[in-house]
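# Remarks on the overall topology
Residue strings, one per chain:
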Amino acid sequence: MEKARLRKLGLANLKWLHDHPVLKEQKEAEISQALFNDPAWQKAQTIALTKPLDFEFDTHILLNRGWQEGKKILMPIAGKARQLTFHSVNPKTRFEKSAFGVDEPIAAPEVPAEIIDLVVVPGIVFTHEGFRIGFGGGFYDRFLQHYQGETCSLVFSEQIQENWQVESFDLPVKRLFIS
């Protein structure tokens, strides 16, 4: 199946799950707990997350837990040439909607990729091997080409699709947490 069709199917599945909030919250709790129990989270001092759209995995759970544990939390800004930079955020950080409809931090200090211990990579569709289809901009694929640290994705079982052709520029995340 082509990526555009899979992206539409993945979005429809995420929106279906969003319309079933009890199930979505249960899955988020299971996935979050698995991540919190994982050595990658436990060892990480600097973690990169995204602020979710309504139908995506609610990363506020991770954001708050990270701050409680004294971790430095970063959020991306999509820049020119489809490059991501990551910026330190705290409870007082202000955000604004980007051209893509994603909340990005305002006036938050940029942090070099080399000090990021764990990147929680978003996506719409995944294979069990960690390959993903995002919104189609290639931002994370470009970032992951040069990033050497730990990566994971938080995945609802409804997002798993195995029947698509992985392309040469597609890079897998190292670990999936699935419910």
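Rules used throughout
Residues numbered from 1 in each chain as written. Predicted model: local features only at pLDDT ≥ 70, side-chain atom pairs only at ≥ 80, totals over all residues. Heavy atoms only, no water. Buried < 20%, exposed > 50% of the residue type's maximum accessible area, 1.4 Å probe, protein only. Helix = DSSP H or I, 4+ residues; strand = E, 2+ residues; numbered from the N terminus. Pairing = 2+ DSSP bridges. Salt bridge = Lys/Arg side-chain N within 4 Å of Asp/Glu carboxyl O. Arc of directions from axis to C-beta.

### What about the pairing of strand E3 (residues 84-89)?
Burial within E3 is extensive, with five of its six residues counted as buried. Two strands pair when backbone bridges link them, and strand E2 (residues 72-78) and E3 are joined in this way by six bridges, in the antiparallel orientation. When the sheet's bridge partners are listed, Met75 is paired in E3 with His87. Counting the residues that bridge the hairpin from E2 to E3 gives five residues, and of these Ala81 lies at a positive phi of roughly 60°.

### Quick look at unusual backbone geometry
In this structure, Arg82 is a non-glycine residue whose phi angle is positive, near 55°. Looking at the secondary structure, you find Arg82 in the loop between E2 and E3. Using a relative accessible area of 41% as the deciding quantity, one classes Arg82 as partly exposed. In this structure, Ala107 is a non-glycine residue whose phi angle is positive, near 55°.

### Brief notes about the pattern of salt bridges
Under the definition given, this model contains nine salt bridges. Two residues, Lys27 and Glu158, come together in a salt bridge whose shortest N-O distance is 3.2 Å. Of this pair, Lys27 sits in helix H2 (residues 21-36) while Glu158 is found in the loop between strand E10 (150-155) and strand E11 (175-178), placing the two residues 131 residues apart along the sequence. Classification of Lys27 by relative accessible area gives buried; the value is 8%. Here Arg65 ties to Glu69 by a salt bridge, and the two come within 2.5 Å at their closest N and O atoms. With relative accessibility at 36%, the residue Glu69 sits in the partly exposed group.

### A look at helix H4 (residues 60-68)
Every buried residue of H4 is listed here: Leu62, Leu63 and Gly66. Buried residues of H4 fall within an arc of 100° about the axis and therefore sit on the same side. Within two residues after H4, Gly70 carries a phi angle of roughly 80°, on the positive side.

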